[in-house]
Amino acid sequence: MLTPEQLDFYRENGYLLVKGLLTPEEAALYRKACHALAERLSAMRNIDATWGSAKQAVAGAEKTVVLHCHDVQFYDALFTRLITDPRLTDAAAEIIGSPNVQLHHTKMFIKPPEKGAPFPMHQDAPYFPHERHTMIAAIFHFDDAPIEKGCVRVVPGSHKLGMLEHSPEGGWHLPFEQYPIESAVPCPAEAGDVLFFSYLTIHGSGLNTSNEARTTLLVQMRDPTDKPTQMVHLSRGQGMMLRGIDPTASGKAAWQE
């Protein structure tokens, strides 16, 4: 699925943007499904997931919003097919270094036009630390994500630093002065592109100041033999095999134990 050059780039930098993993037509279909899901959920409850620390990280973020849904595959079968698509899982297996790829969780994010909330710089590892750090994220872009839409930004090579100390206030984040969002490397993407990165890679994203939404789906995956050091961030979907087998399967999902 990936070239040796792509894998070398990932190992050195801790992230990799794979262009055109989905076709533009597929991306448009998933974008429509995301916005329909957000509309259904918004009619029943508040789905704003803006971090409390966002307004401290970026000037003008006081009244911003980011729409969110955890475990989207339980709301629309279209997403179940996506997270088991070999184009995703084969690439994930090569990056993780295991033929077996296990789901940790999924999250849909929609940054609305002109007020899409930023995410302060952070690692994902403090949220769900694991023994061998095989956890990776894949962010599907269902519409274009230029810099003005608040695309993901990364600190190349930061996955080699190990797990850093984060502030838990308003969402786990790194010191704003040391890791300002605007100083990180932007990863602008087009509809259909997928950004892979280690859960140790420092990343965040800026404000969406454009007149269009930014629509993404995040999929967190791991080697099933890499066990969590804390039983946190549990979900119904956790433990689902996306590729291969779980050689450690006990018959119960982590959230049931």
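Our structure's up above, just so we're on the same page.
If you're wondering where the values come from, they're calculated on a predicted model, not measured in any experiment. What you see as residue numbers is a count from 1 along each chain, following the sequence as written. Per-residue local features are limited, in this predicted model, to residues with pLDDT of at least 70; the limit for side-chain atom pairs, both in listing and counting, is 80 or more; totals at the level of whole chains, interfaces and linings are taken over all residues. Hydrogens and water are ignored here; the side-chain numbers use all heavy atoms of the structure.

A.B. asks: Tell me about the packing of aromatic side chains, residues and numbers included.
C.D. replies: Only Phe, Tyr and Trp rings take part, Trp by its six-membered ring, and two of them pair if their centres are within 6.5 Å. Stacked means planes under 30 degrees apart, edge-to-face means over 60, and tilted covers everything else. Counted according to the given criterion, the structure contains six aromatic pairs. Relative to tyrosine 15, the ring of phenylalanine 9 lies with its centre 5.3 Å away and its plane at 80°, an arrangement referred to as edge-to-face. Summary of the burial criterion: residues with accessible area below 20% of their type's maximum are buried, those above 50% are exposed, and those between are partly exposed, where the area comes from a 1.4 Å probe applied to protein chains only. For phenylalanine 9, a relative accessible area of 35% translates into the label partly exposed. Among the aromatic residues, ring-to-ring pairing joins Tyr30, Phe79, Phe140 and Phe142 into one connected group. Think of it as a cone above the ring: NZ of Lys or CZ of Arg counts as a charge over the ring if it is within 6 Å of the ring centre and within 35 degrees of the ring normal. The side chain of arginine 236 reaches across the aromatic face of phenylalanine 74, ending 3.9 Å from its centre.

A.B. asks: So what's going on with the nonpolar core? Residues and values would help.
C.D. replies: Generally speaking, soluble globular proteins have nonpolar side chains that are buried together. By nonpolar core we mean a set of buried residues, namely Ala, Val, Leu, Ile, Met, Phe, Trp, Tyr and Cys, connected to one another through side-chain atoms within 4.5 Å. Counting 43 residues, the largest nonpolar core has Met108, Phe140, Phe142, Phe196, Leu217 and Met221 as its most contacted members. Within the second largest apolar cluster, nine residues are counted, among which are Val154, Cys187, Leu195 and Leu218.

A.B. asks: Report on the sheet that holds strand S4 (residues 119-122), specifying residues and quantitative values.
C.D. replies: One key point about sheets: their strands pair by backbone hydrogen bonds, in either a parallel or an antiparallel sense. Two strands form a pair only when DSSP identifies at least two bridges running between them. Secondary structure follows DSSP: runs of H or I at least 4 residues long count as helices, runs of E at least 2 residues long count as strands, and numbering of each begins at the N terminus. If you walk across this open sheet you meet the four strands as S4-S9-S6-S7, and the pairing is antiparallel. In this open sheet, the two strands that pair with only one neighbour each are S4 and strand S7 (185-186). Where strand S6 (residues 152-154) meets S7, two bridges bridge the pair, whose relative direction is antiparallel. The residue of S7 that forms the bridge with arginine 153 is proline 186.

A.B. asks: Residues and numbers for the side chain of threonine 106, please.
C.D. replies: With respect to the helices and strands, the residue threonine 106 is situated in strand S3 (residues 101-111). Note on threonine 106: relative accessible area 0%, which makes it buried. Under the rule applied, a polar contact is a pair of N or O atoms within 3.5 Å (in protein, one hydrogen donor and one hydrogen acceptor; residues adjacent in sequence only if both atoms are side-chain atoms). Among the polar contacts made by the side chain of threonine 106, one reaches the side chain of glutamine 73 at a distance of 2.8 Å. By definition in these notes, contact holds between two residues if any of their heavy atoms fall within 4.5 Å. Those residues in contact with threonine 106 that lie beyond four places of it in its chain are Cys69, His70, Asp71, Val72, Gln73, Ile83, Leu217, Leu218 and Val219.

A.B. asks: Account for the environment of glutamine 73, naming residues and giving values.
C.D. replies: Here glutamine 73 shows up in the loop between strand S2 (67-70) and helix H4 (77-83). Between the C-alpha atom of glutamine 73 and that of isoleucine 83, which follows or precedes it by ten residues, the distance is 8.3 Å. Other than its neighbours up to four places away in sequence, glutamine 73 contacts Phe79, Thr80, Ile83, Leu103, Thr106 and Gly237.

A.B. asks: An account of helix H2 (residues 24-42) is needed here, citing residue identities and associated values.
C.D. replies: With 19 residues, H2 extends 27 Å from end C-alpha to end C-alpha; this agrees with the ideal 27 Å at 1.5 Å per step. Of the residues making up H2, those classed as buried are Ala27, Tyr30, Ala33, Cys34, Leu37, Ala38 and Leu41. The buried residues of H2 all sit within an arc of 135° when viewed along its axis, so they share a single face. Turned more than 90 degrees off the buried face of H2, the exposed positions are Pro24, Glu25, Lys32 and Glu39. In this structure, the buried residues of H2 make contact with S2, H4, S3, strand S5 (136-141) and strand S10 (214-222). A helix is expected to span 1.5 Å for every residue after the first. The arc refers to the directions leading from the helix axis to the C-beta atoms.

A.B. asks: An account of the pattern of salt bridges is requested, with residue identities and associated values reported.
C.D. replies: Any two side chains of opposite charge can pair if their charged atoms end up close together. In what follows, salt bridge is the name for a side-chain nitrogen of Lys or Arg lying within 4 Å of a carboxyl oxygen of Asp or Glu. Scanning all chains against the criterion turns up ten salt bridges. For lysine 19, the salt bridge is made with glutamate 190, and the minimal N-O distance between the two is 3.1 Å. You can see lysine 19 sitting in the loop between strand S1 (15-18) and H2 and its partner glutamate 190 sitting in the loop between S7 and strand S8 (194-198), a full 171 residues away along the chain. Glutamate 190 sits in the partly exposed class, given a relative accessible area of 46%.

These figures capture arrangement, not role.
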